[in-house]
Amino acid sequence: MAFNKRVVFLLCVSMLLSVFLAACSGNNKPANTGTAADNKEQTQTNEPTETTEPDEPEPVVEEKHDPVTLTVMNWGGDLDFFTTLYEEFTKKYPWITVKAFGSGGGDVEGLSKLAALQSSGEPPDIVWPQAISKWMEGGNLEDLKPYMENDAILPTLGIQDGFLESWEMDGKIYAIPWTDDPWPIVINKDLMEKHGMEMPPNDWTYEDFREMAKKATDPSAGEYGVSFNGIFKTAFTNLLPVANGHAGARDFMNEDYTQSMLNTPEVLADLKWLKDLFTVDKVMMDVETFNKSGYADMADFHAGKALFSIAQPLKQLDDMVEFEWDILPAPRGTVSQPGIRNTSPLAMLSASKNKEAAWLFIRFQFEYEANKWRIENIGFPSMVKNEELDKLLESKYEGQNYEALTISTSSCCTGIGPAIFDGPTYSGTVDPALIAMFHDNKDISSIVPAIEDYNKRAADYWKSIGVMK
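Residues numbered from 1 in each chain as written. Predicted model: local features only at pLDDT ≥ 70, side-chain atom pairs only at ≥ 80, totals over all residues. Heavy atoms only, no water.

A. Fine view of the sheet that holds strand E9 (residues 341-348). Pairing in this open sheet of five strands is mixed, and the strands run E2-E1-E3-E9-E4 from one edge to the other. Pairing within the sheet leaves two strands with one partner each, and these edge strands are strand E2 (96-102) and strand E4 (176-182). (Pairing = 2+ DSSP bridges. Helix = DSSP H or I, 4+ residues; strand = E, 2+ residues; numbered from the N terminus.)

Here it is in structure tokens:
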């Protein structure tokens with residue numbers, strides 16, 4: 001089956017986001033920090049105001065504006081998929097044209113490109129940062145808090161109470177999340193039925209997950225319970241300590257996201273359970289088998305040879321697979337049922353020459369048109385409370401387990417990787433250790449000295465800005 005360009009793009013985005021953002025955590029935050037996750041299942045006491053907009057909203061009519069070209073710097077390469085989203089923005093704000101380009105890599109490459117563009121007198125206006133702390137150095141980021149406080153439209157958009165404010169750091173807000181996408185478990189129902197199983201309830205457990213994966217594993221037929229998927233080995237792996245109450249947040253962190261718990265016996269025991277799932281039960285291909293298979297990461301699921309996968313482009317799966325599929329929330333542990341919610345931030349550059357237009361672009365990500373685009377093009381939930389948009393999303397999942405998507409959307413834990421202290425270094429330490437644990441049967445406890453060193457550096461940083469005593 002040939003992949004169309006949209007499908008290939010979305011799969012790449014899922015994989016790229018998993019590298020930088022997926023293994024992140026919840027919404028409890030210490031005072032004046034960028035932590036944005038709730039490490040228990042979320043219960044909101046303040047319901048956002050629902051908004052309703054027409055299907056074809058009229059362009060904003062304001063006093064005459066001079067034409068503006070707004071430049072947006074993505075990490076990685078140019079992401080042409082978002083062109084239609086940017087066109088929706090220009091349709092509503094017709095004096096602003098968006099020009100997007102890639103940094104060629106992550107924060108290091110982005111900061112290097114920023115320096116070159118500033119020297120040429122043409123700095124970009126908006127950036128997708130990976131680690132906010134790196135971009136804060138040298139005053140590269142604009143404080144968005146005054147824009148938020150002075151914007152009369154923002155409070156009317158139906159944004160969840162406290163969602164944007166939870167990214168406050170030392171009294172300022174340098175970036176706000178413009179995505180908060182659930183990544184539920186995806187199941188191959190044809191393979192499930194072949195092995196004599198039925199869809200589990202939405203409150204299924206990790207033991208249920210394990211038993212189903214074992215039943216679906218038949219190496220002689222090239223069939224496995226779990227897709228050879230890097231996100232299962234990294235982002236999914238750090239759910240179990242939260243579910244069992246052994247970590248306060250995703251990414252093996254404590255509740256206020258200032259210290260890692262990966263050096264504790266309880267978290268190490270959870271990881272041993274997961275290691276046995278793969279190295280003893282062998283519900284996923286080993287590296288040698290994978291290398292001989294000719295599959296790319298996740299592609300055994302697309303070929304119909306794996307029962308479970310994760311971080312898939314959801315509604316685009318209909319164009320990618322030839323079997324019946326459905327979705328499930330992540331399993332329940334002994335304490336809670338956290339799932340993966342991936343968040344990506346937007347920031348305004350302090351060197352921008354078009355700050356008013358840049359703020360409109362950031363705010364637009366929470367407006368009706370942008371969220372309708374998200375639902376229709378990606379199949380992910382709206383970022384705002386809106387009955388019409390909720391019905392549109394539900395219609396996209398007719399005949400499927402839509403409740404699993406709502407559970408994945410409302411439960412802990414959202415990704416805040418960009419706000420963690422030295423996030424790229426931390427994930428660059430943890431993720432390879434997790435991969436080695438599965439691929440090479442390595443003892444994960446070997447990482448403890450590096451985690452203790454990270455905790456010391458993190459504590460020094462949080463103390464320096466008044467977050468820790």
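Still more to cover.
B. Inspection of the environment of glutamine 400 at higher detail. Within the element layout of this structure, glutamine 400 appears in the loop between helix H15 (387-396) and helix H16 (402-410). Counting along the chain gives 72 residues from glutamine 400 to leucine 328, while the straight-line C-alpha distance between them is 9.9 Å. Filtering out sequence-adjacent residues up to four positions away, glutamine 400 remains in contact with Lys315, Trp325 and Asp326. (Contact = heavy atoms within 4.5 Å.)

C. Representation of the pattern of salt bridges within the structure. In the structure shown here, the tally under the stated rule is 21 salt bridges. A salt bridge links lysine 385 to aspartate 390, with the nearest nitrogen and oxygen atoms 3.5 Å apart. According to the relative accessible area criterion, lysine 385 is partly exposed, its value standing at 30%. Across the salt bridge formed by aspartate 453 and arginine 457, the nearest N and O atoms sit 3.6 Å from each other. (Salt bridge = Lys/Arg side-chain N within 4 Å of Asp/Glu carboxyl O. Buried < 20%, exposed > 50% of the residue type's maximum accessible area, 1.4 Å probe, protein only.)

D. Molecular detail of helix H13 (residues 355-364). Within H13, eight of the 10 residues are buried, which leaves the element mostly enclosed by the surrounding structure. What H13 keeps buried is the set Ala357, Ala358, Trp359, Leu360, Phe361, Ile362, Arg363 and Phe364.

E. How the structure looks around the sheet that holds strand E5 (residues 185-188). The strand order across the open sheet built from four strands is E6-E7-E5-E8, with neighbouring strands paired in mixed fashion. Edge strands, defined here as strands with exactly one partner in the open sheet, are strand E6 (224-226) and strand E8 (325-328). With strand direction ignored, the average angle separating the axes of adjacent strands in the sheet is 25°. For E5 and strand E7 (residues 306-310), the ladder comprises three bridges, and the chain directions are antiparallel. Looking at E7, one finds that isoleucine 185 is bridged to isoleucine 310. (Axes fitted to C-alpha atoms, helices over the stretch in contact; angles between N-to-C directions.)

F. Focus on the environment of methionine 348. Position of methionine 348 relative to the elements: it lies in strand E9. On the basis of relative accessible area, methionine 348 is assigned to the buried category, the value being 0%. Distance in space between the C-alpha atoms of methionine 348 and proline 124 is 8.9 Å, their sequence separation being 224 residues. Each residue touching methionine 348, except ones within four places of it in the same chain, is listed here: Asp125, Ile126, Asn140, Leu141, Glu142, Leu144, Tyr147, Lys355, Ala358, Trp359 and Ile362.

G. Molecular detail of the packing of aromatic side chains. Scanning the entire structure with this criterion turns up 30 aromatic pairs. When the centroid spacing of 5.4 Å and the interplanar angle of 85° are considered together, the rings of phenylalanine 301 and phenylalanine 323 count as edge-to-face. You can see phenylalanine 301 sitting in helix H12 (residues 299-302) and its partner phenylalanine 323 sitting in the loop between E7 and E8, a full 22 residues away along the chain. The same class applies to phenylalanine 301 as to phenylalanine 323, namely buried. Arranged with centres 5.1 Å apart and planes meeting at 65°, the rings of tyrosine 461 and tryptophan 462 form a pair that is edge-to-face. Taken together through their ring pairs, the aromatic side chains of Trp204, Tyr206, Phe209, Phe232, Phe236, Trp273 and Phe308 make up a single cluster. Taking NZ or CZ as reference, arginine 210 lies 4.8 Å from the ring centre of tryptophan 273, over its face. For the cation-ring pair, lysine 233 lies above phenylalanine 228, with the distance from its terminal atom to the ring centre recorded as 3.4 Å. (Phe/Tyr/Trp six-rings, centres within 6.5 Å; stacked < 30°, edge-to-face > 60°. Lys NZ or Arg CZ within 6 Å of the ring centre and 35° of its normal.)

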